[in-house]
Every structure is written in C-alpha cells, then in structure tokens.
Amino acid sequence: DTGVSQNPRHKITKRGQNVTFRCDPISEHNRLYWYRQTLGQGPEFLTYFQNEAQLEKSRLLSDRFSAERPKGSFSTLEIQRTEQGDSAMYLCASSPTYYGYTFGSGTRLTVV
Amino acid sequence: GENVEQHPSTLSVQEGDSAVIKCTYSDSASNYFPWYKQELGKGPQLIIDIRSNVGEKKDQRIAVTLNKTAKHFSLHITETQPEDSAVYFCAASNRDTGNQFYFGTGTSLTVIP
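Quick look at the structure, then. (Residues numbered from 1 in each chain as written. Chains lettered and ligands numbered in written order. Predicted model: local features only at pLDDT ≥ 70, side-chain atom pairs only at ≥ 80, totals over all residues. Heavy atoms only, no water.)

Comments concerning the side chain of B:Thr107
Residues and elements named next belong to chain B. Locating Thr-107 in the fold gives a position in strand β11 (residues 107–112). Residue class for Thr-107 comes out buried when judged on its relative accessible area of 0%. Within the local environment of Thr-107, its side chain forms a polar contact with the side chain of Gln-6, the two groups lying 3.1 Å apart. One polar contact links the side chain of Thr-107 to the main-chain carbonyl oxygen of Pro-8, over a distance of 2.5 Å. (Helix = DSSP H or I, 4+ residues; strand = E, 2+ residues; numbered from the N terminus. Buried < 20%, exposed > 50% of the residue type's maximum accessible area, 1.4 Å probe, protein only. Polar contact = N/O pair within 3.5 Å; in protein donor to acceptor, adjacent residues only side chain to side chain.)

What follows is the structure, given as structure tokens:
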C-alpha cells in the first residue's frame, strides 16, 4: 500500500491552456474523490466516483472541468481553457467506505 | 448546503499544554464529523472522527466532543508536542444525502518547544 499517488506534483501553465492531472488511489478503494484547496482555505468538493461511475458533481465543477475514472482504477481531472482563478491545489482522495478519506499530496496548479 | 465555521484560525501553545479547536455547523442533519491534520506540502490526514450517535471519542492524546443540540464539535489535543504543529481542519457531512465533506477554514497550530 503506497497511499494515494497524484501526478504531477506541480504544474505551471499559461492561461487558456488545457491541463490534466492523474490520481492513482489505494488499490482496494472503490470510492474516489476530487477536491480543490486554495491558500488558507479548507478543501472544497469537486466530484465523487464509485468504481467507474461519476455519481456526484459539485456546482464548482464548471463545464471546463471534466473527470474520468475508466475501469474504476486511476482517475484523471482535466481543466480546459485554464483561468487564473483555477490556480489551486487539486487533491484526490480514496476510501473503501464512506468514512474517512485518504488524501494524496495533491497537484499544485499555477496559471500564469 | 452545509456551512462549517472553525476557530481559532491560529493557535500557539507551549509544549505539554493542551490545545482546543472548535467548529460549528449549520445543517442539523449532518451526522459525520472527521478531523484532518495537514502538514506543509502534504495532503490532509485523518486523525479522528465522530458519528452523530456518539458524544465523545478519544484516541491517545486526541479527543473529539460533539454537541448536536448546539451544533458544535471540538478537537482536544493534550500534552502537545512540536510534531503536532500543523494545520487542522474539521469537516461535516451527511452520509444519508451525499458523499461531500464540508470543511472548515483550518486552524494553524504551533507548539513552542
């Protein structure tokens, strides 16, 4: 068990570019979550997968954001046409049950 | 939706003293309350949680209390150590209506040796 792995750790992109982040959850965890965290704030929910099905999406997840979890294993989060307001830490978490996520170390996105 | 407020935003204590962090929530239907510790450059780590059918839970130096009537819950850390220095987040959720956790804004705890 190597924990939740997120790549890349850091990403700097120009405004208007597309970016994609990857999350590899703990292997036996069928629940996977994406959160966004800005400086000085707590994590904000973006979306939830159970196996390969995306069951919940936050209103924060605009149509520029899309997430997938093919085959119920790793997940990707794509942001199209990035804006400066997208700069944040993107956290992935997984869990075997409802209670208690295990978070990854996150991907820090900077849009310049 | 749920709104979670957390106080204080910063807290400094001498090593060996106790630290208390308080959170209030708005949705009386919330029934699960985890606490997370986040160290610099890392993701949040679950340290303790409590469900709405329990008033108090303890794990070694860490305890959490829940007052459902007042809609507040607190984290208590006793005999603090320098390695307890981190940002602590409370969260609330309702497992009957969804899988979203609502987090507080965090408390930066510094333990002074």
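A closer look at the interface of chain B and chain A
Interface extent is often summarised as the accessible area lost during association of the parts. If you look at the interface, chain B gives 20 residues, while chain A gives 20 residues. Buried surface at the junction of chain B and chain A, both sides included, amounts to about 1800 Å², of which 54% is carbon and sulfur. Between the two partners, chain B and chain A, sit zero salt bridges. Counting across the chain B and chain A interface gives twelve residue pairs in polar contact (both at pLDDT 80 or more). Secondary-structure elements contributing two or more residues to the side of chain B that touches chain A are β4 (32–38) and β5 (45–51) of chain B. In terms of residue count, the dominant contributor to the side of chain B that touches chain A is β4(B) (three residues). Of the residues belonging to the side of chain B that touches chain A, the class tally is seven nonpolar, ten polar and three charged. (Contact = heavy atoms within 4.5 Å. Buried area = accessible area lost by both parts, 1.4 Å probe. Salt bridge = Lys/Arg side-chain N within 4 Å of Asp/Glu carboxyl O. Nonpolar A, V, L, I, M, F, W, Y, C, P; charged D, E, K, R; others polar.)

A word on the nonpolar core
Across soluble globular proteins, you tend to see nonpolar side chains buried next to one another. Core analysis: the largest hydrophobic core is formed by 24 residues, its most contacted members being B:Trp35, B:Phe73, B:Leu75, B:Tyr88 and B:Leu109. Elements with a contribution of two residues or more to this core: β2 (10–14), β3 (19–25), β4, β5, β7 (62–67), β8 (72–77), β9 (86–92) and β11 of chain B. Apart from residues no more than four positions distant in its own chain, B:Phe73 is found in contact with B:Ile21, B:Lys22, B:Cys23, B:Tyr25, B:Phe33, B:Trp35, B:Thr65, B:Leu66, B:Cys90 and B:Ala91. A:Val4, A:Ile26, A:Ala88 and A:Cys92 belong to the second-largest nonpolar core, a separate cluster that totals 19 residues. (Core = buried A, V, L, I, M, F, W, Y, C linked by side-chain atoms within 4.5 Å.)

A closer look at the pattern of salt bridges
Residue and element names in this part refer to chain B. If you walk through the whole model with that rule in mind, you get seven salt bridges over all chains. Between Glu-39 and Lys-37 there is a salt bridge, with the nearest N and O atoms lying 3.7 Å from each other. Residue Lys-37 is classed as buried on the basis of its relative accessible area, which comes to 14%. Among the salt bridges present, the one from Lys-57 reaches Asp-49, with a minimum N-O distance of 2.9 Å. Given a relative accessible area of 36%, Lys-57 falls into the partly exposed group. When its relative accessible area of 13% is taken as the criterion, Asp-49 is described as buried.

What to know about the state of the cysteines
All told, the structure shown has two disulfides over all chains when counted by the stated rule. A disulfide bridge connects A:Cys23 with A:Cys92, and the sulfur atoms are separated by 1.9 Å. Taking the sign of the S-S torsion, about -65° here, the bridge from A:Cys23 to A:Cys92 comes out left-handed. Residue A:Cys23 is located in strand β3 (residues 19–24), and its partner A:Cys92 is located in strand β9 (residues 88–95); the two are separated by 69 residues in the primary sequence. For the pair formed by A:Cys23 and A:Cys92, the shared burial category is buried. Across the disulfide, B:Cys23 is cross-linked to B:Cys90 (sulfur-sulfur distance 1.9 Å). In this structure, the disulfide formed by B:Cys23 and B:Cys90 twists by about -100° around the S-S bond and is classed as left-handed. Remark: B:Cys90 occurs in strand β9 and B:Cys23 occurs in strand β3; sequence separation between them is 67 residues. (Disulfide = S-S within 2.5 Å.)

Remember that the coordinates give geometry; whether it matters functionally is a separate question.
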